[in-house]
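A closer look at the structure
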Amino acid sequence: MTFKVDTDRILRILIVMFVFMGCLPLHGMQGREASQFIYMLGTMVLFSLILENIWISLFLCWSVFLFSYYKFITGHSYLMNIFQGCLLYYVVKKVFRREHIRFYVYGLLVFALINLLYSIVQVTGHDFLFASEVTPVLSAENIKNFSTLRGPMVQNLHPSGFLGNDATAGHLYALCVPLLAIYNLWLAPIFLLPLIATKGTINIFAGVVMYLFVLFHRISDKLFSFICATLIICGILFYVYVDRPDTGRFSQWSYTFKDAMTRPFVGWGLDSFRQSDLLHKNFTYGIPQEAARINGKTYAVGAVWDNPHNLLLSLFFEFGLPGLLILGGYFHFLYRRYKQSIKSYEVIGLAGFMLGVFIISLAWFPMFLARFVILIIPVFAMFEKITGAEEG
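The model shown is predicted, which means the values in this text are computed figures rather than measured ones.

Here we come to the overall build of the protein chain. Along the protein chain, the regular secondary structure elements total 13 helices and four strands. The proportion of buried residues among the 392 residues of the protein chain is 44%. Long-range pairs, those at least 24 residues apart, make up 70% of the contacts in the protein chain with a sequence separation of at least 6. Carbon and sulfur atoms make up 66% of the accessible area of the protein chain, which amounts to about 21,800 Å² in all.

Written out as structure tokens, the structure reads:
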């Protein structure tokens, strides 16, 4: 016997319930503010019912629950970003079909090329968009005149393009490898070259794995084995002699996991990792200080981690175990779609892109950057669309 859910009927019932829910009081809130929160969260729950993907619907509803559980004191921007991401996902599924993939991929490749060209402008010292003003170091002598202090303008010499960070630019180039491979298999590795300038072992690793993933499906076994061995050797040499990554992140992951285990079900709340002024959390994770000499004086330079730089830990820490389980369910859904699909060049390329996003997310946080996640969401949505029953 097949159990069928009448979604439209449920939506009609919930919309009528709004008439009553909009007047409910919330403890500690003024009536107008309470109505605003009920309206915002209720519409998000309604929208989750038409997303046509149970895992994304669950993630949106779980985010609404966590925001409410922690009494609306943290995570408002997170919740809005999640809702807007779901909206973008939904719209892409509605307006894109297989024949439109080329249009999006070409647009993304052109953006990556323009970003790469502007990176060349930056390293030559002619960045006319992101030059920044140096803020003078505060001291007892100049703090009274801080409002009048002006520092010199300095050029940005980092090859970050329009993305504001070298590593983020590296994410873009790495993820373009499987997309370009859809249309030109042997030209695709060209996007591995700028990764040397942006460094980042995780980007190199992701780019190589994504390219090998595409090759595995499209060339002979002997040729694949030769290319695989060559890329692995080059990757090891880059890791040892060029990047030499800092291992301090591993100890930070250990502390994050231990603290996440103290609240395994509901986590510490949305956007709580970087917060230290919450009622239930008064700590952050410091980065070891370094000494800097400015005008002959030594200053201590320190900072804090604002993200664990690991998607799995981020979800566990802020969303709890249910957040991790929902992510696992979504990835299993994507894997089943890929396994059952016809392995066209588009399907292989988009699957390689998603594999790269997961790899990069193990050591960075592209899913938490609005300027970057807007590039990622359409690919996931298009993959779901073209591997659906209606697309073959």
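Additional details are given in the paragraphs that follow.
A separate point is the confidence of the model for the protein chain. Averaged over all residues, the pLDDT of the protein chain equals 83, while 83% of them reach at least 70. Residue range residues 133-149 is modelled with pLDDT below 50. Its contacts to residues more than four positions away, or to other chains, number 17 contacts.

With the rule as written, the count across this model stands at three salt bridges. Among the ionic pairs, Arg 274 bridges to Asp 271, the shortest N-O distance being 2.9 Å. Relative accessible area serves as the criterion here: at 5%, Asp 271 is assigned to the buried category.

As a further point, take the packing of helix 11 (residues 311-340) against helix 12 (residues 345-361). One way to put it is that helix 11 packs onto helix 12 with a least axis distance of 13 Å and a crossing angle of 160°. Relative to helix 12, the element helix 11 is oriented roughly antiparallel. You can see that helix 11 and helix 12 cross each other, and the crossing is left-handed. Contacts between helix 11 and helix 12 pair Leu 311, Leu 312, Phe 331, Leu 334 and Tyr 338 from the former with Val 347, Ile 348, Ala 351, Met 354, Phe 358 and Ser 361 from the latter. Among the residues forming the contact of helix 11 with helix 12, the class breakdown is 10 nonpolar, one polar and no charged.

Applying the stated rule across the entire model yields 29 aromatic pairs. Measuring from centroid to centroid gives 4.9 Å for Phe 273 and Tyr 285, while their planes differ by 15°, and the two rings are stacked. Of the two residues, Phe 273 sits in the loop between helix 10 (248-260) and strand 3 (285-294) while Tyr 285 sits in strand 3, which places them 12 residues apart along the sequence. Overall, Tyr 285 belongs to the buried group, its relative accessible area being 7%. We note Arg 263 situated over the ring of Trp 268; from NZ or CZ to the ring centre the distance is 4.6 Å. A cation over an aromatic ring shows up here: Lys 343 above the ring of Tyr 338, its NZ or CZ 4.9 Å from the ring centre.

So, about the environment of Glu 99. Locating Glu 99 in the fold gives a position in the loop between helix 4 (76-95) and helix 5 (101-123). For the pair Glu 99 and Ile 386, spaced 287 residues apart in the sequence, the C-alpha separation amounts to 9.6 Å.

A few words on the side chain of Gln 122. Within the element layout of this structure, Gln 122 appears in helix 5. Residues within four places of Gln 122 in sequence aside, it is in contact with Asp 127, Phe 130, Asn 156, Leu 157, His 158, Pro 159, Ser 160 and Gly 161.

A grouping of Ile 232, Ile 233, Ile 236, Leu 237, Tyr 239, Val 240 and Tyr 241 is seen on the molecular surface, where their side chains present a nonpolar patch of about 700 Å² in accessible area. Here Ile 232 lies in helix 9 (residues 221-243).

The next subject is the environment of Ser 254. Here Ser 254 shows up in helix 10. Residues Ser 254 and Leu 313, spaced 59 residues apart in sequence, show a C-alpha to C-alpha distance of 9.7 Å.

Turning our attention to the packing of helix 5 against helix 6 (residues 166-181). Two elements in contact, helix 5 and helix 6, have axes separated by 10 Å at closest approach and are oriented at 140°. By the angle between their directions, the pair helix 5 and helix 6 is classed as oblique. You can see that helix 5 and helix 6 cross each other, and the crossing is left-handed. In this structure, helix 5 uses Val 105, Leu 108, Leu 109, Phe 111, Ala 112, Asn 115, Leu 116 and Ser 119 to contact helix 6, whose residues at the interface are Ala 169, Leu 172, Tyr 173, Cys 176, Leu 179 and Leu 180. Of the residues belonging to the contact of helix 5 with helix 6, the class tally is 12 nonpolar, two polar and no charged.

The end-to-end C-alpha separation of helix 3 (residues 54-69) is 22 Å, in line with the 22 Å expected for 16 residues at 1.5 Å each. Among all positions in helix 3, only Ile 56, Ser 57, Leu 60, Trp 62, Ser 63, Val 64, Leu 66 and Phe 67 are buried. Near the N-terminus of helix 3, the side chain that reaches the backbone nitrogen of Trp 55, with its oxygen 3.0 Å away, is that of Asn 53. Just downstream of helix 3, Lys 71 is the residue with a positive phi angle, here 60°.

Cut-offs and rules
Residues numbered from 1 in each chain as written. Predicted model: local features only at pLDDT ≥ 70, side-chain atom pairs only at ≥ 80, totals over all residues. Heavy atoms only, no water. Helix = DSSP H or I, 4+ residues; strand = E, 2+ residues; numbered from the N terminus. Buried < 20%, exposed > 50% of the residue type's maximum accessible area, 1.4 Å probe, protein only. Contact = heavy atoms within 4.5 Å. Areas by Shrake-Rupley, 256 points an atom, 1.4 Å probe, with all protein chains shown as cover. pLDDT = per-residue confidence, 0-100. Salt bridge = Lys/Arg side-chain N within 4 Å of Asp/Glu carboxyl O. Axes fitted to C-alpha atoms, helices over the stretch in contact; angles between N-to-C directions. Parallel < 35°, antiparallel > 145°, perpendicular 65-115°, else oblique. Left-handed = near helix turned anticlockwise from the far one by under 90°. Nonpolar A, V, L, I, M, F, W, Y, C, P; charged D, E, K, R; others polar. Phe/Tyr/Trp six-rings, centres within 6.5 Å; stacked < 30°, edge-to-face > 60°. Lys NZ or Arg CZ within 6 Å of the ring centre and 35° of its normal. Patch = residues over 30% accessible without salt bridge, like charges linked within 9 Å, V, L, I, M, F, W, Y side chains within 5 Å. Expected span 1.5 Å × (residues − 1). Polar contact = N/O pair within 3.5 Å; in protein donor to acceptor, adjacent residues only side chain to side chain.

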